Amino acid sequence: MEHLSEEKAADPLTEHAQRLVRRVRAFDRRRPLVWDLLLTGFWMTAALIDYSGGGWRSIAHNLDVPGPLLLALSLGFTIPLLWRRTHPAAVLLAMVPVALVNAWTGAILQAAMLQLLVVFHIALRLPLRALCWATPLVLAQVLVTGLRHGESSASWNQQLGSQLLSLGVAALIGVTVRTRRNYTAALEDRARRLETERDQQARIAAAAERARIAREMHDIIGHNLSVITGLADGGRYAAAKSPERAAQALDAIGSTSRQALGELRRLLDVLREDAPGRPHSAELAPQPSLTDLAPLVDGVRRAGLPVRTTVHGRPDLPAGRQLAVYRVIQEALTNTLKHAGPDATADIQLRYGEGGSVTLTVTDTGRAVRSDSPGDGRGLPGMRERTALYGGTLEAGPRPHPERGWRVHLHLPEETPQ
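What counts and what doesn't
- Residues numbered from 1 in each chain as written.
- Predicted model: local features only at pLDDT ≥ 70, side-chain atom pairs only at ≥ 80, totals over all residues.
- Heavy atoms only, no water.
- Helix = DSSP H or I, 4+ residues; strand = E, 2+ residues; numbered from the N terminus.
- Buried < 20%, exposed > 50% of the residue type's maximum accessible area, 1.4 Å probe, protein only.
- Contact = heavy atoms within 4.5 Å.
- Areas by Shrake-Rupley, 256 points an atom, 1.4 Å probe, with all protein chains shown as cover.
- Salt bridge = Lys/Arg side-chain N within 4 Å of Asp/Glu carboxyl O.
- Expected span 1.5 Å × (residues − 1).
- Axes fitted to C-alpha atoms, helices over the stretch in contact; angles between N-to-C directions.
- Parallel < 35°, antiparallel > 145°, perpendicular 65-115°, else oblique.
- Left-handed = near helix turned anticlockwise from the far one by under 90°.
- Nonpolar A, V, L, I, M, F, W, Y, C, P; charged D, E, K, R; others polar.
- Patch = residues over 30% accessible without salt bridge, like charges linked within 9 Å, V, L, I, M, F, W, Y side chains within 5 Å.
- Lys, Arg positive; Asp, Glu negative; His and termini not counted.
- Charge placed at Lys NZ, Arg CZ, Asp CG, Glu CD.
- Core = buried A, V, L, I, M, F, W, Y, C linked by side-chain atoms within 4.5 Å.
- Pairing = 2+ DSSP bridges.
- Polar contact = N/O pair within 3.5 Å; in protein donor to acceptor, adjacent residues only side chain to side chain.

### Observations regarding the overall build of the protein chain
Check the secondary structure of the protein chain and you find twelve helices and five strands. Burial analysis of the protein chain (418 residues in total) assigns 37% to the buried set. For the protein chain, long-range pairs separated by at least 24 residues make up 70% of all intrachain contacts whose partners lie at least 6 apart in sequence. For the protein chain, the exposed surface amounts to about 24,600 Å²; the carbon and sulfur share of it is 60%.

### Here we look at the pattern of salt bridges
This structure, assessed with the given rule, holds ten salt bridges. In this structure, arginine 193 and aspartate 189 form a salt bridge, with 2.9 Å as the shortest nitrogen-oxygen distance. With arginine 193 and aspartate 189 both in helix α7 (residues 153-241) and four residues apart, this pair spans about one turn of that helix. For arginine 301, the salt bridge goes to aspartate 298, with nearest N and O atoms at 3.5 Å.

### What to know about helix α11 (residues 319-339)
Here α11 contains 21 residues, and its C-alpha end-to-end distance of 30 Å stays within 8% of the 30 Å for a straight helix at 1.5 Å per residue. Of all 21 residues in α11, 17 are buried; the element is thus mostly enclosed.

### Quick notes on the packing of helix α2 (residues 32-53) against helix α3 (residues 67-78)
For the pair α2 and α3, interaxial distance at closest approach is 9 Å and the crossing angle is 160 degrees. The orientation of α2 with respect to α3, classified from their angle, is roughly antiparallel. Where α2 crosses over α3, the handedness of that crossing is right-handed. For the pair α2 and α3, the contacting residues are Thr40, Trp43, Met44, Ala47, Leu48 and Tyr51 in the first and Gly67, Leu70, Leu71, Ser74, Leu75 and Thr78 in the second. Classifying every residue of the contact of α2 with α3 gives eight nonpolar, four polar and no charged.

### Here's the deal with a positive patch on the surface
Where like charges cluster on the molecular surface, the positive patch consists of Arg25, Arg29, Arg30, Arg31, Arg125, Arg180 and Arg181. For the positive patch, the secondary structure elements donating two or more residues are α1 (2-30) and α7. The element that contributes the greatest number of residues to the positive patch is α1, accounting for three residues.

### What to know about a nonpolar patch on the surface
Taken together, the side chains of Phe27, Val34, Trp35 and Leu38 present a nonpolar region at the surface, about 360 Å² in accessible area. With respect to the helices and strands, tryptophan 35 occurs in helix α2.

### Things to note about the nonpolar core
Note on soluble globular proteins: their nonpolar side chains tend to be buried together. Counting residues in each nonpolar core, the largest one holds 32 residues, and the members touching the most others are Leu92, Val118, Val119 and Ile122. Among the secondary structure elements, those contributing two or more residues to this core are α3, α4 (88-105), α5 (115-125), α6 (130-149) and α7. In this structure, valine 119 is in contact with Leu131, Val138, Leu167, Ala170 and Ala171, ignoring residues within four places of it in sequence. Core analysis: the next-biggest nonpolar cluster, separate from the first, contains 30 residues, Val328, Leu333, Ile348 and Leu380 among them.

### Some details on the sheet that holds strand β5 (residues 406-412)
One open sheet accounts for five strands, arranged β1-β2-β3-β5-β4; its pairing is mixed. The open sheet terminates on both sides in strands that have one partner only, identified here as β1 (307-312) and β4 (393-398). Between one strand axis and the next, the sheet turns by 5 degrees as a mean value, whatever way the strands run. Summarising the sheet, strand β3 (residues 358-364) and β5 pair through six bridges and their orientation is antiparallel. Its bridge partner lying in β5, valine 358 is registered against leucine 412. Running at roughly 160 degrees to β1, helix α10 (residues 293-302) makes contact with β1 and β2 (346-352) of the sheet. Against the sheet, α11 contacts β1, β2, β3, β4 and β5, and its axis sits at roughly 10 degrees relative to β3.

### Quick look at the side chain of serine 357
When you line up the elements, serine 357 lands in the loop between β2 and β3. Reaching out from serine 357, the side chain makes a polar contact with the backbone oxygen of glutamate 354 at a distance of 3.1 Å. Leaving out residues up to four positions away in the same chain, serine 357 has contacts with Arg321, Arg351, Tyr352, Leu412, Pro413 and Glu414.

Here it is as structure tokens:
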């Protein structure tokens, strides 16, 4: 329990440290020169302190190195650090002559270790093959020291091994940081792409939903208004001779209008996000099925269009397929009401096959010339879109000569097993 409490107590400190690191990195990205000047100034100050305080004498092989040369060597190791991030290879090449002079004179300034910082940046920012030529350049100073100042073979080997180990650690740290940065960048890029894909999917879904609602509203409003128009025209002609028929037409207009309003209300409720206690949109959306085919046909008949229906088989279909077939029949009858003219009749041939296949043919005996071509609205395009959802085919056009009228033929194939 004490261990857990200590971990919990350390969490705020860790979060504070992470926030501080993020702020420093953000500042460095905005103003990289400030950080470069600070780091270069720090190491230059340390090198000058080592030179002026005589600390270099504790490990030097030659204590008689001139002061101006020591100052030049100290500055030669530190000033190039200002460009270590932008041009690490050039910085190392500038340091190598200084390091060789440092080794040849026997000064052995500790500022020579700053070459490891440059090696770190080479491993971090350049192709890894750059380490192949950087390593011998840094190790050359050890060879010069051994040859110039006559260390024993064991001591020379020990210095070479120590320098090689330091080089390996610096390069390994650089590669590790580089790998982590690349991994983080890949995760951020993947997150951005997923976010973009999510937004695109949301826009596609919204467009598909708008198209679905447009199709539904076209089917509801177009069909019911066509029926109401037919009933109103019939009632007007019957009013003078048969008031009872006119009253029946008005009753039919009222029931058709109420049905249309109810379907529109359920459809528009789908768009209301603030409706309290609203069930799922799929349940609110008007979903007629083939069981509603008889009321549909009766309404068209009341509007003055004789319709004959022939059904073969049993309508054992999923709700989506039933809705598609229902809407195609509804659109075909609506177009007949609007364009077929007086004395036209309609015929519906509906055949159910196995595995959910359906064949539908709707014909009429009206005028063959229609304005409901695929580019003139949402009627036929909407029927084709519904048909395409189930891999079906839809044909719409004039009946072949010598027959008169219009023909709509729908075929939905068997359902593909999931």
